[in-house]
Amino acid sequence: MKIRILLLFIVSIVFLNAQNVFLWDRDGDSTIMNPEDPWQFIGVEEHIENALIANGITPTVDYFLPDDLSSYDMIFATAGIWCSG
């Protein structure tokens, strides 16, 4: 239990210090039903982006992965909602 808490602490410190975040929207424009408004469909990446913004981090969101990722501290990639394999 102590190891889990320590790992969560370390991950949270790394996450809080990460200011350059890239969100790779690679899910082929997959959408899900918005849990706040069931009549609206939103991109899979929207809640990840909103959570980052709520924590003071403005991510770079793009459909294409840049050739050079060295300027980013953290990378998120959406994979969609279905397993096509």
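Up top you'll find the structure we're talking about.
Note that the coordinates shown come from a computational prediction; the quantities given were computed from them, not determined experimentally. (Residues numbered from 1 in each chain as written. Predicted model: local features only at pLDDT ≥ 70, side-chain atom pairs only at ≥ 80, totals over all residues. Heavy atoms only, no water.)

1. Regarding the environment of Phe-64
Reasoning step 1: With respect to the helices and strands, Phe-64 occurs in the loop between strand E4 (60-62) and strand E5 (74-78).
Reasoning step 2: The exposure class assigned to Phe-64 is exposed, which follows from its relative accessible area of 63%.
Reasoning step 3: Between the alpha carbons of Phe-64 and Arg-26 there is a distance of 7.3 Å; along the sequence they are 38 residues apart.
Reasoning step 4: For Phe-64, the contacting residues outside a window of four places in its chain are Phe-22 and Trp-24. (Helix = DSSP H or I, 4+ residues; strand = E, 2+ residues; numbered from the N terminus. Buried < 20%, exposed > 50% of the residue type's maximum accessible area, 1.4 Å probe, protein only. Contact = heavy atoms within 4.5 Å.)

2. Some thoughts on the sheet that holds strand E1 (residues 21-25)
Reasoning step 1: Strand order in the open sheet made by the 3 strands is E4-E1-E5, with parallel pairing throughout. At either end of the open sheet lies a strand with only one pairing partner, and these are E4 and E5. This sheet shows a mean twist of 15 degrees between the axes of neighbouring strands, independent of strand direction.
Reasoning step 2: Bridge count for E1 against E4 is 3 bridges, and the pairing is parallel. From the neighbouring strand, Phe-22 faces E4, where its bridge partner is Thr-60. (Pairing = 2+ DSSP bridges. Axes fitted to C-alpha atoms, helices over the stretch in contact; angles between N-to-C directions.)

3. Side note on the environment of Val-21
Reasoning step 1: With respect to the helices and strands, Val-21 occurs in strand E1.
Reasoning step 2: Along the primary structure Val-21 and Leu-69 are separated by 48 residues, whereas in three dimensions their C-alpha atoms are 9.9 Å apart.
Reasoning step 3: Other than its neighbours up to four places away in sequence, Val-21 contacts Leu-52, Ile-57, Pro-59, Thr-60, Tyr-72, Met-74 and Phe-76.

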